[in-house]
Structures are given as structure tokens and as C-alpha cells.
Amino acid sequence: QVPLVESGGGLAQAGGSLTLSCAASGLTFKTAAMAWFRQAPGKERNFVAAINWNGGNTVYADSVKTRFTISRDNAKNMVYLQMNSLKPEDTAVYYCAARTGDSYYNTATNTEDFGAWGQGTQVTVST
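Model, not experiment: these values are computed from the prediction. Residue numbering note: each chain is counted from 1, following its sequence as written. With pLDDT at 70 or above as the cut-off, local features in this predicted model cover only qualifying residues; side-chain atom pairs require 80 or more to be listed or tallied, and sums for whole chains, interfaces and linings still use all residues. Note that the side-chain values use all heavy atoms of the structure and ignore hydrogens as well as water.

Draft legend 1. Focus on the overall build of the protein chain. Check the secondary structure of the protein chain and you find zero helices and eleven strands. Computed over C-alpha atoms, the radius of gyration of the protein chain comes to 13 Å, within 12% of the 14 Å expected from 2.2 N^0.38 for 127 residues, which places it in the range of a compact globule. Structurally, the protein chain occupies a C-alpha span of about 40 × 30 × 25 Å along its principal axes. Each residue gets one of three labels from its accessible area relative to the maximum for its type: buried under 20%, exposed over 50%, partly exposed in between, using a 1.4 Å probe on protein chains only. Put simply, the protein chain has 127 residues, and 40% of those count as buried. Throughout, a residue-residue contact means that at least one pair of heavy atoms, one from each residue, lies within 4.5 Å. Of the contacts made within the protein chain by residues no fewer than 6 positions apart, 59% connect residues no fewer than 24 positions apart. Split by element, the accessible area of the protein chain, about 6,500 Å² in all, is 48% carbon and sulfur. Positive residues here are Lys and Arg, negative ones are Asp and Glu, while His and the chain termini are left out of the count. In plain terms, the charge of a residue is placed at NZ if it is Lys, CZ if Arg, CG if Asp and CD if Glu. Taking the average place of the 10 positive charges on the side chains of the protein chain and the average place of its 9 negative ones, the gap between the two points comes to 5 Å. Put simply, DSSP marks the helices as runs of H or I at least four residues long and the strands as runs of E at least two long, and each gets a number from the N terminus on. Our radius of gyration is a C-alpha quantity, and the globule rule it is checked against amounts to 2.2 Å times the number of residues to the power 0.38. Working definition of accessibility: Shrake-Rupley area with a 1.4 Å probe, residue cover restricted to the visible protein chains.

Dropping the structure here:
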């Protein structure tokens, strides 16, 4: 699989902001839908946001809609997640993922639709 590397995680106060970055490599990622998922201790990995191949369509989990923004820069092979108005419940390891298989260029929200994953970056939001 083509490597994905997340960065930008760290500590933030409730109400603060962080921006996560995902660096991708490989020609196929120019046209693959990308997504962010997160996983808190003892919890399953949950969908956060997704973006289609050219950035024209985005989808968000209800819990982050209006607070988080996913974007991409295909010329730089980068995907971003801007997180505003952070809440303690946003605390989790955040993973970048690239979609594979049929319709790989369209947004999806299930982990099964994404075949390439980064190592994750920790986001901790204090009360």
C-alpha cells in the first residue's frame, strides 16, 4: 500500500483549534477519495469526514459538522482536517485513509471502503 503519514496532533483546550495533515504518495491518490477516522480508547474506529477525488464533495459525521473542515491539495498530495471549537469528546487518535476498490473516487463513510491507512496522530482536548 502507498504510505500515508498524519501530523499535527497534540494538545488543545476546549474551544481551541488544531489542523491535522495527511501526506500521501503515489499517483493513484490524485484521484482517490480520502477520509479521516478517529478512535478513542476502548471505542471503535468512527468516521469523521471524507472528501472526493477533486474536493467537490465532502461529508461529515454529525458530531463534527460545522466544526471540522476536510480539504485536499492534490498538487501537494496532502489532505487536511481543520478542527475548530474542539470538545473533550474529540479526544482520540485520528487516522487518515485512502479509498480503494470500485468507486474509489467517491466519498464513503465505512472503514471497509478504505484500503490504505496512516499510523494515526493523537489529539487530546482538555476540559
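Draft legend 2. Inspection of the sheet that holds strand 3 (residues 18-24) at higher detail. Any two strands between which DSSP finds at least two bridges are classified as paired. Strand order in the open sheet made by the four strands is 1-3-8-7, with antiparallel pairing throughout. In this open sheet, the two edge strands, each paired with only one partner strand, are strand 1 (4-7) and strand 7 (68-73). Within this sheet the neighbouring strands show an average axis-to-axis angle of 15°, counted without direction. One ladder, built from four bridges, connects strand 1 with strand 3; its direction is antiparallel. Across the sheet, residue Leu-4 finds its bridge partner in strand 3, namely Ala-24. Axis lines are fitted to C-alpha atoms, over the contacting stretch for helices. Their N-to-C directions set the angle, which ranges from 0 to 180 degrees.

Draft legend 3. How the structure looks around the state of the cysteines. Disulfides are defined in this document as cysteine sulfur pairs within 2.5 Å. According to the stated counting rule, one finds one disulfide in the structure shown. Linked covalently through their sulfurs, Cys-22 and Cys-96 form a disulfide whose S-S length is 2.0 Å. Its torsion about the S-S bond being -75°, the disulfide of Cys-22 and Cys-96 is classed as left-handed. One end of the pair, Cys-22, is in strand 3; the other, Cys-96, is in strand 9 (residues 92-99), with 74 residues separating them in the sequence.

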